[in-house]
Every structure is written in C-alpha cells, then in structure tokens.
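Take a look at the letters that make up each chain.
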Amino acid sequence: MSRLKEAVFAETEKVFTAFVSWGIGILIMVAYCLFIYWLNQSFGKYVMVMGAMLFLAVAFFFIDLWWGYHKVKEISE
C-alpha cells in the first residue's frame, strides 16, 4: 500500500506542476498582449514592434535559463 501511496503522490505532484506551469504561461501571454496593446496606444507601431521584440527576448532568456538549470540539474544527479 505504501508504494501505491507514493505513486499517487508522485503523479499528483506532476499534475500540479503542469497546471502551475500552464497557468504561469497563460498569465505571461496575457501580460504580453496587454503590454503590446499599451505600447501601440501610447507610442505607435514602431515602438510597439521594438517593445514586443524586447519582451520576447527577455522572456526567452529566462525560459532558456530555466531550461538550462533543469538540464544541468538532471546531469548532476
């Protein structure tokens, strides 16, 4: 019974992590859309395009850091 309990907790943790990651992704996408809309309304199309590229560059930088951390963590374990 203990192995079943451990397996259920392990799967629950995976599902929780997936939902949290999905939720954070949705929030980032909404923030991106609001940021782009605000830039377009306030400054115009050229600043909007530059802001969009900067936002995506920063977002992908942090995604790459997170991905690299997990890959190094897997290798070291």
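The preceding data block contains the structure.
For the structure given in this document, a descriptive report is provided here. (Residues numbered from 1 in each chain as written. Predicted model: local features only at pLDDT ≥ 70, side-chain atom pairs only at ≥ 80, totals over all residues. Heavy atoms only, no water.)

Comments concerning the layout of surface pockets
Using a probe with the size of a water molecule, rolled over the atoms, empty space left in the structure can be pinpointed.
Okay, step 1: The volume enclosed by the largest pocket comes to roughly 310 Å³.
Okay, step 2: Lining the largest pocket are 13 residues, with S21, I24, G25, I28 and I63 positioned closest to its centre.
Okay, step 3: No other element matches helix α1 (residues 2–42), which puts seven residues into the lining of the largest pocket.
Okay, step 4: Classifying every residue of the lining of the largest pocket by side-chain character gives eleven nonpolar, two polar and no charged. (1 Å grid on protein atoms, 1.4 Å probe; cavity = no way out; pocket = protein on both sides within 12 Å on 5 of 7 lines; lining within 4 Å. Points joined across faces, edges and corners; volume = space filled by probe spheres on them. Helix = DSSP H or I, 4+ residues; strand = E, 2+ residues; numbered from the N terminus. Nonpolar A, V, L, I, M, F, W, Y, C, P; charged D, E, K, R; others polar.)

Details of the packing of aromatic side chains
Okay, step 1: Applying the stated rule across the entire model yields five aromatic pairs.
Okay, step 2: When the centroid spacing of 5.4 Å and the interplanar angle of 70 degrees are considered together, the rings of F61 and F62 count as edge-to-face.
Okay, step 3: F61 sits in the partly exposed class, given a relative accessible area of 48%.
Okay, step 4: Residue class for F62 comes out exposed when judged on its relative accessible area of 51%. (Phe/Tyr/Trp six-rings, centres within 6.5 Å; stacked < 30°, edge-to-face > 60°. Buried < 20%, exposed > 50% of the residue type's maximum accessible area, 1.4 Å probe, protein only.)

Let's talk about the environment of Y46
Okay, step 1: Tracing the backbone through its elements, the reader meets Y46 in helix α2 (residues 45–76).
Okay, step 2: Looking at Y46, the relative accessible area reads 72%, which means it is exposed.
Okay, step 3: C-alpha of Y46 to C-alpha of V8: the two residues are 38 residues apart in sequence and 52 Å apart in space.

On their own, these measurements won't tell you what the molecule is for.
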